[in-house]
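The primary structure of each chain is shown beneath.
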Amino acid sequence: MPKVPPAGYFPPMHTPPFAHVPAASAAPGRLALLPLVAALALACKPAPPPAPVPEPAKPVELPAYAQAVLRDMDAKADPCADFYQYACGGWTANTKLPGDKSRWTRSFSTITEENDNFIKALLEKAAANPGGGDADWKRMGDAYGACMDEAAVEAAGTKALDPLFAAIDGAKTLPELVKVIGQLQRHGVDVFWGGSVDGDFADPGLQVLHLTQTGLGLPDRDYYMPKPEDTKGKELLAAYPLHMQKVFELAGKGGKADADKALKVEMELAKLHKPRAELRDPTKTYNKLDRVGLKKLAPEIDWDGWLAASHGAHVQDINVEVPEVYDALGQYMKKAKLDELKAYMKWAVLRDTASHLPNTIVEADFAFFGKQLQGQAELSPRWKRCVRATNSKLGEVVGRFYVQERFGGASKDVARTMIGDIQVAFEQGLPSLVWMDETTRQRAIDKKNTLVFKIGYPDKWEDYSSLSIQRGDHLANLLAANAFAHDDQIALASKPTDRSRWFMPPQLVNAYYHPLLNEMAFPAGILQPPFFDASYPSAMNYGAIGMVIGHELTHGFDDQGSQFDPQGKLSDWWSADARKRFEERTACVSSAYGQYEPVPGTKINGDLTLGENIADIGGLRVAYRAWKSRRAQEPNQAPSVPGLTEDQLFFVAFAQGWCTLSTAEATKEQLLSDPHSPGQYRVIGTATQLPEFAAAFSCPAGAAMAPAKTCEVW
């Protein structure tokens, strides 16, 4: 049961978010490639000798940040026709998608790659000298060392999985099988249903178990029901059981018959699942029950047995996000053949551990999930996979050593100042929102004033002392770490909320807002170039990380966050008229993004991405307002990057954070399963909605980036 915040900024990818015009025609305010000449000023007199024109600054004479900004732009593009091409065209033309990636961004991916290299050196040091630090240092080194010991992994094979397979084979009835489901889930295997522990929507001071729909091998229900015209989708679905069969055979755990049974179960689960966009309304996904109520909802499932096997016998408070799914799931499991359910569970064990098994299985897993599903050209080298695995299972262990060397106090101080500026700017913008009445406006201010923010890393580190890591058995370590994380989280259920906990380790390049806690967090990992540098011009910091901060703040007031009051309680705290006018404007946003078609035949789902799109638009607007206030206090008004005004630099810095290369397959997966729009459309869709952008580049009304109709929410 991983800790997953309700509203992230750019979640980790699945493994395991035009026209050109000549420069001379550019309107005033746009970047011009040629100097303007005043030809008529002295037409009646002999022209004086021209003033000496300074030589253009050589790139080497510019600060490194300015060189990078200019290098990654396409200054020949018209920013009013396609701002993404203008801001990112140089980068996309000169950057090659790494063979071991299906998506690559100028910001997140670059920082993550740098982090991985640093963490690799850290882990190698710990593995080589496990006695050179405390118990966590040894735990970290042993985990990485075991993962890198390829010979030991090959020799161990699937032995560590034998107890799980034996438990599945030993179940003779559905109640017995349900207990095994709990055992598998403790060890990180995703079957039938899932859950996490988080606040009670009606009482956020209490932690409850939230049950969700899950259990599919493919990224989303739609992969099991491709449209008639979706040839590639049908080919992928046809290839899936062949992949299942191959992995069963390589592991010596089954064959074609087992693959066919497993696929049959997944197909039935997919039919039961609700589309993701339908799960965005918290008033519909809050259905709190006690143990008695859960048994009445799906009496076919032995919930007491499952909770006991899940180490959750103490759990009394449960929220079922989609009751109709659980009702139907219980009925399905009762009538399904036991051997079909078992085959599915065995497949799930192999599917969820495949990337940690011997190389023949790793390569088969990559051939389907990496190459065919995501379009990834090559498997990541082993060290990268082991860095990811150690990071994932020992997040705050690695994080503690990471921040000692990679996160300075100056960064935290500057980030804190920016957060304060953006909070002030948010409040300053409220009077201009014509859809909001005075009572609701004051309530919004109250929520902003109670907002808590976390920067860098936790004040108290998680205790891993009960987790035993063995130097010679990587797969056993993986299962033990999964059980540790599961037990750590389920132990919180039906207990008071601990507000000191983080939902991301500090080295992660990400950020989040949590509506039940009314808090936003910015791990140390994201507070790095190109998102942030204490020495950058304010236009760049506010355009890049400032937009991230504004994005997370706006999540507190998007279509979901706006339904939680300042204390994090789900309640109707707005006036009815304000809510109606707000929803009219959010419908505008959904429609605006729904017109984009990143992959032929697949458009952005405006309802699924609504919250993130609202946060992008509001985040950029409030960051711009905050920056203008900060800029007015700066004594040096000289442009920071030649050819760009500071207003233009602000928007370019924002856009360059989203320069993205992606395979068509990865983009399609994102469109079907990710609440974030693809990077190109986070730039175009967001900038299009801001008159401040059009003014900065003097875009004529009706230009592609300056439409007549815009959607102002925040």
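Residues numbered from 1 in each chain as written. Predicted model: local features only at pLDDT ≥ 70, side-chain atom pairs only at ≥ 80, totals over all residues. Heavy atoms only, no water.

A. Spotlight on the overall build of the protein. Tallying secondary structure elements over the protein gives 28 helices and ten strands in all. Taking 714 residues into account, the globule formula puts the C-alpha radius of gyration at 27 Å, and the protein, at 27 Å, falls close to it. Along the three orthogonal principal directions, the C-alpha set of the protein runs to about 105 × 60 × 55 Å. For the protein, the computed accessible surface area is about 28,800 Å², with 55% contributed by carbon and sulfur atoms. The average position of the 76 basic charges and that of the 87 acidic charges among the side chains of the protein differ by 1 Å. (Helix = DSSP H or I, 4+ residues; strand = E, 2+ residues; numbered from the N terminus. Rg over C-alpha atoms; globule rule 2.2 N^0.38 Å. Areas by Shrake-Rupley, 256 points an atom, 1.4 Å probe, with all protein chains shown as cover. Lys, Arg positive; Asp, Glu negative; His and termini not counted. Charge placed at Lys NZ, Arg CZ, Asp CG, Glu CD.)

B. Inspection of the state of the cysteines at higher detail. In this structure the tally under the stated criterion is four disulfides. Each sulfur of the disulfide joining Cys80 and Cys699 lies 2.1 Å from the other. Handedness here is read from the sign of the S-S torsion; for Cys80 and Cys699, about -85°, the answer is left-handed. One end of the pair, Cys80, is in the loop between helix H1 (64-71) and helix H2 (83-94); the other, Cys699, is in the segment after helix H28 (691-696), and 619 residues separate them in sequence. The exposure classification of Cys80 matches that of Cys699, with both residues buried. In this model, Cys147 is linked to Cys386 through a disulfide, with the two sulfur atoms separated by 2.1 Å. The disulfide joining Cys147 to Cys386 has a torsion of about -85° about its S-S bond and is therefore left-handed. Taken together, the residues Cys147 in helix H4 (residues 135-148) and Cys386 in helix H16 (residues 382-393) connect sequence positions 239 residues apart. Of the two residues, Cys147 and Cys386, both sit in the buried class. The cystine pairing of the protein, numbering bonded cysteines in sequence order, is 1-7, 2-6, 3-4, 5-8. (Disulfide = S-S within 2.5 Å. Buried < 20%, exposed > 50% of the residue type's maximum accessible area, 1.4 Å probe, protein only.)

C. Main features of the pattern of salt bridges. Scanning the entire structure with this criterion turns up 41 salt bridges. Between Asp72 and Arg106 there is a salt bridge, with its nearest N and O atoms 2.6 Å apart. With Asp72 in the loop between H1 and H2 and Arg106 in the loop between strand E2 (103-105) and helix H3 (108-128), this residue pair connects regions lying 34 residues apart in the sequence. Comparing Asp72 with Arg106 shows no difference in burial state: the two are buried. Residue Asp142 pairs with Arg471 through a salt bridge whose shortest N-O separation is 2.9 Å. Of the two residues, Asp142 sits in helix H4 while Arg471 sits in the loop between strand E7 (452-456) and helix H20 (474-490), which places them 329 residues apart along the sequence. Residue classification places Asp142 among the buried residues on the basis of a relative accessible area of 5%. Accessibility expressed as a relative area gives 36% for Arg471, which makes it partly exposed. Taken together, the shared-partner salt bridges connect Asp134, Asp136, Arg139 and Arg400 into one network. (Salt bridge = Lys/Arg side-chain N within 4 Å of Asp/Glu carboxyl O.)

D. Broad picture of helix H25 (residues 646-656). For H25, the tally of buried residues reaches eleven of eleven residues, placing the bulk of the element in the interior. Inspection of H25 places Glu646, Asp647, Gln648, Leu649, Phe650, Phe651, Val652, Ala653, Phe654, Ala655 and Gln656 among the buried residues, and these make up the whole buried set.

E. Seen up close, the sheet that holds strand E3 (residues 193-199). If you trace the four strands from one edge of the open sheet to the other, you get E3-E4-E6-E5, paired in mixed fashion. Here the strands that pair on one side only, and so sit at the sheet edges, are E3 and strand E5 (288-289). Sheet analysis places E3 next to strand E4 (residues 207-213), joined by seven bridges and oriented antiparallel. Its bridge partner being in E4, Val197 is matched across the sheet by Leu209. (Pairing = 2+ DSSP bridges.)

F. Local environment of the environment of Ser310. Checked against the element boundaries, Ser310 lands in the loop between helix H12 (303-309) and strand E6 (318-320). On the basis of relative accessible area, Ser310 is assigned to the buried category, the value being 0%.

G. Representation of the packing of H4 against helix H17 (residues 395-406). It is the contact of H4 with H17, at a shortest axis distance of 10 Å, that shows an interaxial angle of 110°. Looking at the two axes, H4 sits roughly perpendicular to H17. Relative to H17, the crossing made by H4 is left-handed. Within the contact between the two elements, H4 uses Asp136, Trp137 and Met140 and H17 uses Val397, Val398, Arg400 and Phe401. Its residues assigned to classes, the contact of H4 with H17 comprises five nonpolar, no polar and two charged. (Axes fitted to C-alpha atoms, helices over the stretch in contact; angles between N-to-C directions. Parallel < 35°, antiparallel > 145°, perpendicular 65-115°, else oblique. Left-handed = near helix turned anticlockwise from the far one by under 90°. Contact = heavy atoms within 4.5 Å. Nonpolar A, V, L, I, M, F, W, Y, C, P; charged D, E, K, R; others polar.)

H. Seen up close, helix H8 (residues 231-251). Over its 21 residues, H8 extends 31 Å from the first C-alpha to the last, a length consistent with the 30 Å expected when each residue adds 1.5 Å. The complete set of buried residues in H8 reads Gly233, Leu236, Leu237, Ala239, Tyr240, Pro241, His243, Met244, Gln245, Val247, Phe248 and Ala251. Buried residues in H8 make contact with helix H9 (256-272), helix H14 (338-353), helix H15 (359-374) and helix H26 (664-673). Just beyond H8, the residue with positive phi is Gly252, at close to 70°. (Expected span 1.5 Å × (residues − 1).)

I. Focus on the side chain of Arg139. If you trace the backbone, Arg139 turns up in helix H4. In this structure Arg139 comes out as buried when scored by relative accessible area, which is 12%. In this structure, Arg139 is in contact with Leu394, Tyr464, Ser465, Leu467 and Ile469, ignoring residues within four places of it in sequence.

J. Fine view of the environment of Gln428. Secondary-structure assignment places Gln428 in helix H18 (residues 409-429). For Gln428, a relative accessible area of 47% translates into the label partly exposed. Each C-alpha atom of the pair Gln428 and Arg625 lies 8.7 Å from the other, and the pair is 197 residues apart in sequence. Once you skip the residues sitting within four places of it in the chain, Gln428 turns out to touch Arg625 and Ser629.

K. Spotlight on the nonpolar core. Phe83, Phe651, Phe697 and Trp714 are the most contacted members of the largest nonpolar core, which totals 126 residues. Residues Ile181, Leu184, Ala298 and Tyr326 belong to the second largest nonpolar core, which totals 74 residues. (Core = buried A, V, L, I, M, F, W, Y, C linked by side-chain atoms within 4.5 Å.)

L. How the structure looks around a negative patch on the surface. There is a patch of like negative charges on the surface, built from Asp149, Glu150, Glu154 and Glu363. As for its position among the elements, Asp149 is in the loop between H4 and helix H5 (150-156). (Patch = residues over 30% accessible without salt bridge, like charges linked within 9 Å, V, L, I, M, F, W, Y side chains within 5 Å.)

M. Representation of the environment of Glu321 in the model. Here Glu321 lies in the loop between E6 and helix H13 (323-335). C-alpha of Glu321 to C-alpha of Leu279: the two residues are 42 residues apart in sequence and 7.9 Å apart in space. Not counting residues up to four positions away in its chain, the partners in contact with Glu321 are Leu211, Thr212, Lys284, Thr285 and Asn287.

N. Structural context of the packing of aromatic side chains. Inspection of the entire model under this criterion finds 46 aromatic pairs. Between Trp435 and Phe582 the ring centres are 5.5 Å apart and the planes differ by 50°, which places this aromatic pair in the tilted class. Highlighted residues: Trp435 in the loop between H18 and helix H19 (438-450) and Phe582 in helix H23 (residues 576-594), separated in sequence by 147 residues. Judged by relative accessible area, which is 0%, Trp435 ranks as buried. (Phe/Tyr/Trp six-rings, centres within 6.5 Å; stacked < 30°, edge-to-face > 60°.)

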